[in-house]
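# Fold and geometry: a report
Chain by chain, the residues run as shown.
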Amino acid sequence: MKLFYKVNPEEYRSCMDKVKIHFNMHEEVDEEKIILLLDDETKIEKVTGSYDPMEDEVAKVRVILVDPSLRDFFNSVFGEPYKEKR
């Protein structure tokens, strides 16, 4: 399941930190992208966020879930997804 969110840039970093801390994820930074990963991908494959203050009005976050029961947690952090793929 892929969830796509648009996040207020002022809240973007704190939202990503909440997810990182909650699941004890590793963080990789690549230019304007933040990638959160777990050692074990049985629940979450990847969380990717991007925000370029020079070009973007909103931050965008993509969550790839293996365990759909975690959807509610991500909605509580990022709001309702603007797009969802199963």
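Heads up: these notes are all about the structure in this document. (Residues numbered from 1 in each chain as written. Predicted model: local features only at pLDDT ≥ 70, side-chain atom pairs only at ≥ 80, totals over all residues. Heavy atoms only, no water.)

## Examining the sheet that holds strand 2 (residues 26–30)
Pairing in this open sheet of six strands is antiparallel, and the strands run 2-3-4-5-1-6 from one edge to the other. Since the sheet does not close on itself, it has two edges, and those belong to strand 2 and strand 6 (83–85), each with one partner. This sheet shows a mean twist of 15° between the axes of neighbouring strands, independent of strand direction. With six bridges joining them, strand 4 (residues 44–50) and strand 5 (residues 59–65) adopt antiparallel strand pairing. By the bridge assignment for strand 5, Thr-48 is matched with Arg-62. Contacting strand 1 (2–7), strand 2, strand 3 (33–37), strand 4 and strand 5, helix 1 (residues 9–23) crosses the sheet at an angle of about 160° to strand 4. (Pairing = 2+ DSSP bridges. Helix = DSSP H or I, 4+ residues; strand = E, 2+ residues; numbered from the N terminus. Axes fitted to C-alpha atoms, helices over the stretch in contact; angles between N-to-C directions. Contact = heavy atoms within 4.5 Å.)

## Focus on a negative patch on the surface
Judged by side-chain charge, Glu-28, Asp-30, Glu-31, Glu-32 and Glu-55 come together as a negatively charged surface patch. Looking at where Glu-32 falls in the secondary structure, it is placed in the loop between strand 2 and strand 3. (Patch = residues over 30% accessible without salt bridge, like charges linked within 9 Å, V, L, I, M, F, W, Y side chains within 5 Å. Areas by Shrake-Rupley, 256 points an atom, 1.4 Å probe, with all protein chains shown as cover. Salt bridge = Lys/Arg side-chain N within 4 Å of Asp/Glu carboxyl O. Lys, Arg positive; Asp, Glu negative; His and termini not counted. Charge placed at Lys NZ, Arg CZ, Asp CG, Glu CD.)

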